[in-house]
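# Observations on the model geometry
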Amino acid sequence: MPVKWVLHWQPNQGSTVSSQILNEATQCVESINGVKEGRWKATLNYYKPLLRDQTNQAEFPRDFLGISLADQPNKYYFIIRSQRIVVEADSSIQLIMERLQSYKSKVALYFEGFQYQLGDFRLRVGKVVPTHSENVRGIVMEVEYLPISSMEKSRKVMEEFLEIWHEALSKRSLPGKFVNIDLNFGEFGLGDNYTPQHTAVRYALVMAHMIATVQAVRG
Amino acid sequence: MYSRGRWCDFTKYFELKKNNSMECVVQGIIETQHVEALEILLQGLCGVQRERLRVHELCLKSGPSLGNVSSEVRLLCDLDQPEPTWTVKHVGGAMRGPGADQISVMVRAMVESKVSKNALRMFNALGYKLDHELLKVGFAFHFQRTANISVSVSSVNKMPKVHAIDEAVPVTPGMQIVDVTAPATPVNYSEVAAAVSSFCEFLAPLVHLSKPFISTGVVPTAAAAAASLMSDGGGTAL
């Protein structure tokens, strides 16, 4: 499948993320001739163990999350980032987790927005919101380069595209920037050929960075 | 009388299974010497090619503090593929009560999902430990007869050391297990149960099938039935 980078909005120190920034980003895509194709949505769940004895909490992973991706409606992905584990399963795995009654989804988030075609690129810009709230917690942007599925081979063209994107966005003088996080997919057992599991890992990392940003602001 | 369909491949079988959250199941035992006759009978009844079965089944149990009740999950690794493929399976409670007693097959909650190769690592990380593991070696038929039915005939093997598949030895030498299963939903389970029950009657001369954990032993006249099948390749009606 095509290579995809997942960027997240990093606000400048002292500023926060808002729907206005999402609107600006969306308008920016349209200003560089992105053709709107429709909406997209992904869902992320943070799982917590149900424990009979809370003193044993440290034995269990604190970063166990599950994600359903817009591109893969029949699949579900689990990531335990601290242990470099990513698993792809059928959507029915969610029913299995429910029936096991050992882990429960404590926080659920939607990633939702609009999708655009821009030459050989597909862009998705979206907000991160809790499932029962309109409170924008973050903004993500997927950049997919359709002709290539090798991450190494696509690196240069992705970096060039991002330069164009950053330049276009900088004219709007927004209080922050979109950031791409590089990571070692090999640690997760993933290779150079891009797969949805790569996307799932990217989202897990984006969430970790967003949480760290929020905690830094609160700190 | 019955419609016979042919499943294109195992992938389609799993596609059907994933949309169902129950299964109908019966089990029986057969002496290894009669397995060949059973295969001939099944070949004639099912009208599909048999598939080889070589499945490593790992039963994982939750640790002592995880969950309000302890839980079990099974990981199945299909070793017969060029690249091993994994499935995670959760088997729930069986239907009980007067209604269930009247049905000759077990109807139970069951959910399956294909899963990538890291599933065992993931469940270990989540607090699930290996309780026991088995290697099932044999063959299976997957076909349609009102319901989508699977029949497997396999020897069940245990491993002297953890994951030592190559050193597996039969749990009951000379005996094999026959499993007949069919995916079902809360809406159609009685129809599926009837289809399974009806199909099992054809196997009665060789193997008696009943609800799991309610063993009725081997069929005493199986030898004669097997001889008949082997002598004419299954052409004679039993």
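Every residue gets a number counted from 1 within its own chain, in the order that chain's sequence is written. Just so you know, chain letters begin at A and ligand numbers begin at 1, following the order they were written in. In view of the model being predicted, local features appear only for residues whose pLDDT reaches at least 70, and side-chain atom pairs are presented and counted only at 80 or more, with totals across whole chains, interfaces and linings using the full set of residues. As a rule here, side-chain values cover all heavy atoms of the structure and leave hydrogens and water aside.

We apply this condition: UniProt positions are given in the numbering used here, feature names are shortened, and annotations may be inferred rather than shown by experiment.
Within an unreviewed UniProt entry, the label attached to chain B reads Mediator of RNA polymerase II transcription subunit 18-like, and the organism entered is Camelina sativa. UniProt annotates chain B under Sequence similarities (unreviewed entry) with the comment "Belongs to the Mediator complex subunit 18 family." You can read under Subcellular location (unreviewed entry) in the UniProt record for chain B the words "Nucleus".

Chain A appears in an unreviewed UniProt entry as Mediator of RNA polymerase II transcription subunit 20 from Camelina sativa. Under Subunit (unreviewed entry), UniProt gives the following word-for-word description of chain A: "Component of the Mediator complex." Listed in UniProt under the heading Subcellular location (unreviewed entry), the comment for chain A reads: "Nucleus".

### A closer look at a positive patch on the surface
Rule in force here: Patch rule: a residue counts if its relative accessible area is over 30% and it has no salt bridge; like charges are joined within 9 Å, and nonpolar side chains (Val, Leu, Ile, Met, Phe, Trp, Tyr) within 5 Å. For every accessible area listed, the method is Shrake-Rupley and the probe measures 1.4 Å; residues are considered covered only by the protein chains on display. A pairing counts as a salt bridge when a side-chain nitrogen of Lys or Arg comes within 4 Å of a carboxyl oxygen of Asp or Glu. Charge assignment: positive for Lys and Arg, negative for Asp and Glu; neither His nor the chain ends contribute. Where a charge lies is defined by one atom per residue type, namely NZ (Lys), CZ (Arg), CG (Asp) and CD (Glu). Comment: elements are numbered from the N terminus, with helices defined as DSSP H or I runs of at least four residues and strands as E runs of at least two.
Positive charge collects at one region of the surface, where Lys48(A), Arg62(A), Lys104(A) and Lys106(A) lie side by side. Tracing the backbone through its elements, the reader meets Lys106(A) in strand 6 (residues 103-118).

### Points about the packing of helix 1 (residues 19-31) of chain A against helix 3 (residues 151-170) of chain A
Residue and element names in this part refer to chain A. How we decide: For helices, the axis comes from a line fit to the C-alpha atoms of the stretch in contact; other axes are also lines fit to C-alpha atoms, and the angle between any two N-to-C directions lies between 0 and 180 degrees. Two helices cross in a left-handed way if the nearer one is turned anticlockwise from the farther one by less than a right angle. They cross in a right-handed way if the turn is clockwise. Whether two residues touch is decided by their heavy atoms; if any such pair falls within 4.5 Å, the residues are in contact. Following the grouping adopted for this structure description, the nonpolar residues are Ala, Val, Leu, Ile, Met, Phe, Trp, Tyr, Cys and Pro, the charged ones are Asp, Glu, Lys and Arg, and the polar ones are all others, Gly among them.
Two elements in contact, helix 1 and helix 3, have axes separated by 10 Å at closest approach and are oriented at 120 degrees. Crossing hand, helix 1 versus helix 3: right-handed. Residues Ala25, Cys28 and Val29 of helix 1 lie in contact with helix 3, whose contacting residues are Trp165, Ala168 and Leu169. Of the residues in the contact of helix 1 with helix 3, the class split is six nonpolar, no polar and no charged.

### Section: the interface of chain A and chain B
The condition that has to hold: Reported buried area values correspond to the accessible surface (1.4 Å probe) lost by two parts on association, with both partners' losses combined. Any N or O atom pair separated by 3.5 Å or less is treated as a polar contact, with the protein-specific requirement of one donor-capable and one acceptor-capable atom, and with residues adjacent in sequence counted only for side-chain atom pairs.
On the chain B side, the residues contacting the 32 residues of chain A number 32 residues. Between chain A and chain B, roughly 2600 Å² of surface is buried when both sides are summed, and carbon and sulfur atoms account for 60% of that area. On the chain A side of the contact with chain B, Arg52(A), Arg99(A) and Leu100(A) bury the most area, a combined 26% of that side's loss. On the surface where chain A and chain B come into contact, there are zero salt bridges. If you look at where chain A meets chain B, you find 14 residue pairs in polar contact (both at pLDDT 80 or more). Breaking the side of chain A that touches chain B down by element, the ones donating at least two residues are strand 4 (75-80), strand 5 (85-90) and helix 2 (93-100) of chain A. When its residues are assigned to classes, the side of chain A that touches chain B shows 19 nonpolar, seven polar and six charged.

### A short note on helix 1 of chain A
Residues and elements named next belong to chain A. How we decide: The span one expects for a helix is its residue count, reduced by one, times 1.5 Å.
Over its 13 residues, helix 1 extends 18 Å from the first C-alpha to the last, a length consistent with the 18 Å expected when each residue adds 1.5 Å. Structurally, helix 1 contributes buried residues whose contacts are with strand 1 (3-11), strand 6, strand 7 (121-130), strand 8 (138-145), helix 3 and strand 9 (176-180). Of the residues trailing helix 1, Asn33 is marked for its positive phi of about 75 degrees.

### Observations regarding helix 3 of chain A
Residues and elements named next belong to chain A. Worth spelling out the cut-off: Two axes enter the bend calculation: one fitted to the seven residues ending at the residue in question, the other to the seven starting there, and the bend is the angle between them. Exposed residues in this analysis have more than 50% of their type's maximum accessible area, buried residues have under 20%, and partly exposed residues fall in between, with area computed by a 1.4 Å probe over protein chains only.
A rise of 1.5 Å per residue sets the reference length of helix 3, with its 20 residues, at 28 Å; its end C-alpha atoms lie 27 Å apart and thus fit the reference within 8%. At Val157, helix 3 shows its maximal bend, which comes to roughly 25 degrees. The set of residues buried in helix 3 consists of Met151, Ser154, Met158, Phe161, Leu162, Trp165, Ala168 and Leu169.

### Some points on the environment of Val105(B)
Residue and element names in this part refer to chain B. One can find Val105 in the loop between helix 3 (98-101) and strand 6 (106-115). Separated by 50 residues in sequence, Val105 and Val55 place their C-alpha atoms 24 Å apart. The contacts of Val105, once residues within four sequence positions are left out, are Cys24, Val25, Val26, Ala193, Val196, Ser197 and Lys211.

### Digging into the pattern of salt bridges
Residue and element names in this part refer to chain A. Evaluation of the coordinates by the stated rule reveals 24 salt bridges over all chains. The salt bridge partner of Glu187 is Arg84, with a shortest N-O separation of 2.7 Å. With Glu187 in the loop between strand 9 and helix 4 (196-218) and Arg84 in the loop between strand 4 and strand 5, the pair connects residues that are 103 residues apart, well separated along the chain. A relative accessible area of 42% places Glu187 in the partly exposed class. Across the pair Glu144 and Arg122 runs a salt bridge, and its minimum N-O distance is 3.3 Å. Here Arg122 lies in strand 7 and Glu144 lies in strand 8, a separation of 22 residues in the sequence. Connected through salt bridges with shared partners, the residues Lys4, Asp71, Arg124 and Glu142 form a single ionic network.

### Quick look at the side chain of Ser15(A)
All names here are of chain A. Tracing the chain through its elements places Ser15 in the loop between strand 1 and helix 1. Within the structure, the side chain of Ser15 is placed 2.8 Å from the backbone oxygen of Asn12, a separation counted as a polar contact. There is a polar contact of 3.1 Å between the side chain of Ser15 and the backbone oxygen of Pro175.

### Examining the pairing of strand 3 (residues 51-62) of chain B
Residues and elements named next belong to chain B. Going by this rule: Note: two strands are recorded as paired if DSSP finds a minimum of 2 bridges between them.
One ladder, built from twelve bridges, connects strand 3 with strand 7 (residues 128-145); its direction is antiparallel. Looking at the pairing, Glu51 lines up with Ala140 of strand 7. Two elements, strand 3 and strand 4 (residues 72-78), share seven bridges in a ladder whose sense is antiparallel. Each bridged residue has a counterpart across the sheet, and for His56 the counterpart in strand 4 is Cys77.

### Quick look at the pairing of strand 6 of chain B
Residues and elements named next belong to chain B. Counting buried positions along strand 6 gives eight out of ten residues, so the element sits mostly inside the fold. Bridge count between strand 2 (residues 22-31) and strand 6: four bridges; the pairing is antiparallel. Across the sheet, the residue bridging to Met22 is Ala109, located in strand 6.

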